[in-house]
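Chain by chain, the residues:
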Amino acid sequence: MAELKIKTAAETKWDCVSFGEVMLRFDPGFGRVRNTRTFQVWEGGGEYNVARAMRKCWGKRAAVVTALPKNDLGWLVEDFIMQGGVDMSHVIWRDFDGLGRNTRVGLNFTEKGFGPRPALGCSDRGHSAASQIRPGEVNWEKLFGEEGVRWFQTGGIFAALASNTAEAVLEAVEVAQKYGTVVAYDLNYRASLWKSQGGKEGAQKINREIAKFVDVMIGNEEDFTACLGFEVEGADEHLTNIETEGFKKMIETAVKAFPNFKVAATTLRNAKTASINDWSAIVWYDGQIYESMKRDNLEIYDRVGGGDGFASGLAYGFLEGKGPQLAVEYGAAHGALAMSTPGDTSMVRVEEVEAAMKGKGARVIR
């Protein structure tokens, strides 16, 4: 079984680089998008959230590859990213036509949900700067070959935006693999995004091509079935009840199809209500399954970003050489804490994650 080999910090400039779209999230609090009069604005993106947590929670060197328009909304996103400490030297800046026909910032209107009312997302991201990224626009040779990257994070949300972004992801992962960078890919299936690329069939065609270059494959049960075409035994039709053994069998099948997978990981969420979820995670590594602590009846403040929190904690565990059991514990605890605050991004420190891993309750920290 192939081992996950990670470059040392000394031989690289970056611990983590993420490739994807960074949007503005408009959050109506616990109200509804359809009738609110005020929004709180955050930045967020499935891939970027991992890099930001890598810098702010885990204290590592992080950069993002994305594209933004040269206007006040692009500069607002820049300001958010700079507050998060994430390097922007590989960001593509696009000229703005004054109207938004040629380029813009993607917007994501997202409700947290509460009790019986589920979370709700309404995207407005057509013609965004990042969705227009094409092969040849990013100097991957410089990033992976000259600067050096330990962990490269990208995913299915960005690949789903357009045929050109899927091609750009494929270009990136090929060069990353060439230079021995760990490639982590979060499948993050969104049916609405894949509509324009052939639905599930299109998603599987593209993701299975990208998967050939992936070391760490991340996703929940629906992601693995919808994006890669693998079935999970013992899961119900809504994929809310998954048995560890069923997941293990599915991963064994996936690894036969993609022997390059070194790690496969999934979060397990049973949403009893929008506010109460059962939460845990599983990691497959070197033929073994590692399970995190189970957090039954976890209280959720804002579920968006929980999966990204898991992905960054998983990455931290492996980057620090802590092994698969601690990696899944770091990921699951960080994901749980990420859902305890508003916005898509993590607002916790590594010490808080480690306290949660030990099962410490919410006592006052002085």
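Residue numbers restart at each chain and count upward from 1, following the sequence in its written direction. Note on the predicted model: pLDDT of at least 70 is required for a residue's local features to be given, and 80 or more for side-chain atom pairs to be given and counted; whole-chain, interface and lining totals, by contrast, use all residues. Hydrogens and water are ignored here; the side-chain numbers use all heavy atoms of the structure.

Novice: Could you give me a rundown of the side chain of Thr-341, with the residues and numbers involved?
Specialist: Secondary structure is summarised from DSSP: a helix means a run of H or I of at least four residues, a strand means a run of E of at least two, and numbering begins at the N terminus for each. Residue position: Thr-341 is located in the loop between α11 (323-338) and α12 (350-357). Overall, Thr-341 belongs to the buried group, its relative accessible area being 16%. Contacts are assigned to residue pairs with any non-hydrogen atoms lying within 4.5 Å of each other. Leaving out residues up to four positions away in the same chain, Thr-341 has contacts with Tyr-301, Asp-302 and Met-347. When a residue's accessible area, from a 1.4 Å probe over protein chains only, is under 20% of the maximum for its type it is buried; when over 50% it is exposed; and in between it is partly exposed.

Novice: Now, about the pattern of salt bridges: what can you tell me, with residues and values included?
Specialist: Should a side-chain nitrogen of Lys or Arg be within 4 Å of a carboxyl oxygen of Asp or Glu, the pair is scored as a salt bridge. Counted according to the given criterion, the structure contains 19 salt bridges. Note that Glu-111 is salt-bridged to Arg-32, the shortest N-O span being 2.7 Å. With Glu-111 in strand β7 (residues 107-111) and Arg-32 in the loop between β2 (23-27) and β3 (40-44), this pair connects stretches of sequence that are 79 residues apart. Judged by relative accessible area, Arg-32 falls into the partly exposed class, the value being 23%. The residue Glu-137 makes a salt bridge to Arg-94 at a minimum N-O spacing of 2.9 Å. In this pair, Glu-137 is assigned in the loop between β8 (120-124) and α3 (140-147) and Arg-94 in strand β6 (residues 92-94), connecting sequence segments 43 residues apart. Overall, Arg-94 belongs to the buried group, its relative accessible area being 15%. Among the charged side chains, a salt-bridge network with shared partners connects Arg-25, Asp-27, Lys-112, Asp-302 and Asp-344.

Novice: I'd like a rundown of α11, residues and numbers included.
Specialist: An expected span of 1.5 Å times one less than the residue number is assigned to each helix. In a regular helix each residue adds 1.5 Å, so 16 residues correspond to 22 Å; α11 covers 22 Å between its end C-alpha atoms and thus fits that length. Most of α11 sits inside the fold, with 13 of its 16 residues counted as buried.

Nothing here speaks to function; it is geometry throughout.
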